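Descriptive structure summary
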Amino acid sequence: MVNLAVLFQLLLVGLPFAILDSTVMFADNICDLKQDIKNERYTLPFYLEKKKAVQIYPFWPSTALLFILISVIFNYLPIWSLLVLLLLPWIIKNTHAFMQFQDKATTFKSAINNLLMIGAAQVLIIVAFLLFS
């Protein structure tokens, strides 16, 4: 039998990782938009158009952080998880860099950096909590 409460908890705790992963894919699609149009690949940035896609981009990492906060409020993650908010200056810097210029060779890595920073911080925080609580 499926325990819906546990399933909801897993969904809420795992959602930031899924959002950040999709942020990387979204950034990739924005960078490749000209090529995707040429090759008739219909990605989300294709339908949104580049300007709107770039405007929406910063909401993705913000939403991931919001779900971490919600998980802490519901007591699904330890309060220590809020330490990830200390990464906010770097997350904002990376996000702004990508918004200024969307290029695979130079700024695409900023989306990957956000994923790795937040993901690694969350994993380390959870492991530390489990080891020291």
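Refer to the structure presented above.
Here goes a summary of the coordinates provided.

Conventions we followed
- Residues numbered from 1 in each chain as written.
- Predicted model: local features only at pLDDT ≥ 70, side-chain atom pairs only at ≥ 80, totals over all residues.
- Heavy atoms only, no water.
- Helix = DSSP H or I, 4+ residues; strand = E, 2+ residues; numbered from the N terminus.
- Buried < 20%, exposed > 50% of the residue type's maximum accessible area, 1.4 Å probe, protein only.
- Contact = heavy atoms within 4.5 Å.
- Areas by Shrake-Rupley, 256 points an atom, 1.4 Å probe, with all protein chains shown as cover.
- Lys, Arg positive; Asp, Glu negative; His and termini not counted.
- Charge placed at Lys NZ, Arg CZ, Asp CG, Glu CD.
- Axes fitted to C-alpha atoms, helices over the stretch in contact; angles between N-to-C directions.
- Parallel < 35°, antiparallel > 145°, perpendicular 65-115°, else oblique.
- Nonpolar A, V, L, I, M, F, W, Y, C, P; charged D, E, K, R; others polar.
- Left-handed = near helix turned anticlockwise from the far one by under 90°.
- Patch = residues over 30% accessible without salt bridge, like charges linked within 9 Å, V, L, I, M, F, W, Y side chains within 5 Å.
- Salt bridge = Lys/Arg side-chain N within 4 Å of Asp/Glu carboxyl O.
- Expected span 1.5 Å × (residues − 1).

Some points on the overall build of the protein
The secondary structure content of the protein amounts to 7 helices and 0 strands. From first element to last, N terminus to C terminus, the protein shows the α and β order α-α-α-α-α-α-α. Across its three principal axes, the protein shows a C-alpha extent of roughly 55 × 40 × 20 Å. The proportion of buried residues among the 133 residues of the protein is 35%. Put simply, of all contacts in the protein between residues at least 6 apart along the chain, 68% involve residues at least 24 apart. When the accessible surface of the protein is split by element, carbon and sulfur atoms take 70% of a total near 8400 Å². Distance from the positive charge centre (9 side chains) to the negative charge centre (7 side chains) of the protein: 7 Å.

Considering the packing of helix α1 (residues 4-31) against helix α7 (residues 109-132)
Relative to each other, α1 and α7 sit at 170°, their axes nearing to 9 Å. Taken together, the axes of α1 and α7 are roughly antiparallel relative to one another. Across the interface between the two elements, Phe17, Leu20, Asp21, Thr23, Val24 and Ala27 of α1 pack against Ala111, Ile112, Leu115, Ile118, Gly119 and Gln122 of α7. When grouped by side-chain class, the residues that make up the contact of α1 with α7 number 8 nonpolar, 3 polar and 1 charged.

Description of the packing of helix α6 (residues 88-100) against α7
A pair of packed helices is captured by two measures, namely the crossing angle of their axes and the spacing between those axes. Axis separation between α6 and α7 bottoms out at 8 Å; the angle between their running directions is 160°. Taken together, the axes of α6 and α7 lie roughly antiparallel to each other. The way α6 lies across α7 gives a crossing that is left-handed. In this structure, α6 uses Trp90, Ile91, Asn94, Thr95 and Phe98 to contact α7, whose residues at the interface are Ser110, Asn113, Asn114, Met117 and Ile118. Considering only residue class, the contact of α6 with α7 consists of 5 nonpolar, 5 polar and no charged.

Points about the environment of Ser62
The residue Ser62 is located in helix α5 (residues 59-73) in this model. The class of Ser62 is partly exposed, set by a relative accessible area of 42%.

Some remarks on a nonpolar patch on the surface
Together, Phe17, Ile79, Trp80, Leu83, Leu86, Val123, Val127, Phe129, Leu130, Leu131 and Phe132 give the surface a local cluster of nonpolar side chains, amounting to about 1100 Å² of exposed area. Among the elements that make up the nonpolar patch, the one with the highest residue count is α7 (6 residues). With respect to the element layout, Leu131 can be found in helix α7. Residue class for Leu131 comes out exposed when judged on its relative accessible area of 62%.

Some words on α6
Taking 1.5 Å per residue, 13 residues should reach 18 Å; α6 reaches 18 Å between its end C-alpha atoms and fits that length. Contacts from the buried residues of α6 go to α1, α5 and α7.

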